[in-house]
Amino acid sequence: MERRNSVRLLTLMVLCLCAAFISCQQRSDMVAKYKDITTPGGWYEKDTILLPLDTIPLSGTYSCQLCIRANNLYPYQNFSVIAQMTCYDKERKKKGEGVKLLRREVHYDIVPSSSSILNAQSSAGMAYHDYEANLGQFTLAQGDSVVVAVKQNMRRETVPHISSVGVVLERGSHPGPETN
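Each chain carries its own residue numbering, running from 1 in the written order of its sequence. Given that this is a predicted model, residues contribute local features only at a pLDDT of at least 70 and side-chain atom pairs are listed and counted only at 80 or more, while totals for whole chains, interfaces and linings are drawn from all residues. Note that water and hydrogens are dropped before the side-chain values are worked out from all heavy atoms of the structure.

Novice: What's the story with the nonpolar core in this structure? I'm lost.
Specialist: Most often, soluble globular proteins have nonpolar side chains that are buried together. In terms of nonpolar packing, the biggest core is built from 37 residues, with Trp43, Phe79 and Leu169 touching the most fellow members. Comment: elements are numbered from the N terminus, with helices defined as DSSP H or I runs of at least four residues and strands as E runs of at least two. Every element with two or more residues in this core is listed here: β3 (48–53), β4 (60–71), β5 (78–88), β6 (99–109), β7 (128–140), β8 (145–152) and β10 (162–171). The definition of a nonpolar core used throughout is a set of buried Ala, Val, Leu, Ile, Met, Phe, Trp, Tyr and Cys residues joined through side-chain atoms within 4.5 Å. Throughout, exposure labels follow a simple rule: accessible area from a 1.4 Å probe, protein chains only, divided by the maximum for the residue type, with under 20% read as buried, over 50% as exposed, and the rest as partly exposed.

Novice: Looking at this structure, how should I read the state of the cysteines?
Specialist: In this description, the term disulfide denotes a pair of cysteine sulfurs within 2.5 Å. Scanning the model with the defined rule gives zero disulfides in all. Not part of a disulfide, Cys64 finds its nearest cysteine sulfur in Cys67, a span of 8.6 Å. Residue Cys64 is classed as buried on the basis of its relative accessible area of 0%.

Novice: Mind showing me how you'd approach the pairing of β3 here?
Specialist: Where a strand is regular, its side chains alternate between the two sheet faces. Alternating residues of β3 divide into Ile49, Leu51 and Leu53, all buried, and Thr48, Leu50 and Pro52, none buried. Bridging between β3 and β8 involves six bridges; their strand directions are antiparallel. Each residue of the ladder has a partner; that of Leu50, found in β8, is Ala149. Two strands are counted as paired when DSSP detects at least two bridges linking them.

Printed below as a string of structure tokens:
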């Protein structure tokens, strides 16, 4: 009886380990890169955030999302950036030359919720809000590399309370115009 229970326990442990391993596997149809804004005072106009996506795992059409994260203390109702996406295949990577896929100005409307205003005024907590913009769809080959360069495009030289910038490429059928 005791031996049978230990075999069941061992089988259960192996199944749990297999499930954990499978759930921790990175999706091969999605590539993402985020970078925190760490400069004191905020995101400076002259600072370009580079988001290198090293290797595209599978060939196909990818939908590209540009993501901005701001905290409750962000003082404006909108945000503007200029994004430039450059693709490098294996041959161009060796030469340091790339093909520009896009250069686009992106505008985000930031609408604070009443709870956000309450938290910011009372200092009871710090919440972050994610804002996404679709940059389009691109056909990429396995092994390509992509670099997205992002600059803030606001009237002020320094924009405070933007915490991070990111880009997500997801393979599959997604709505939106194909750019490449």
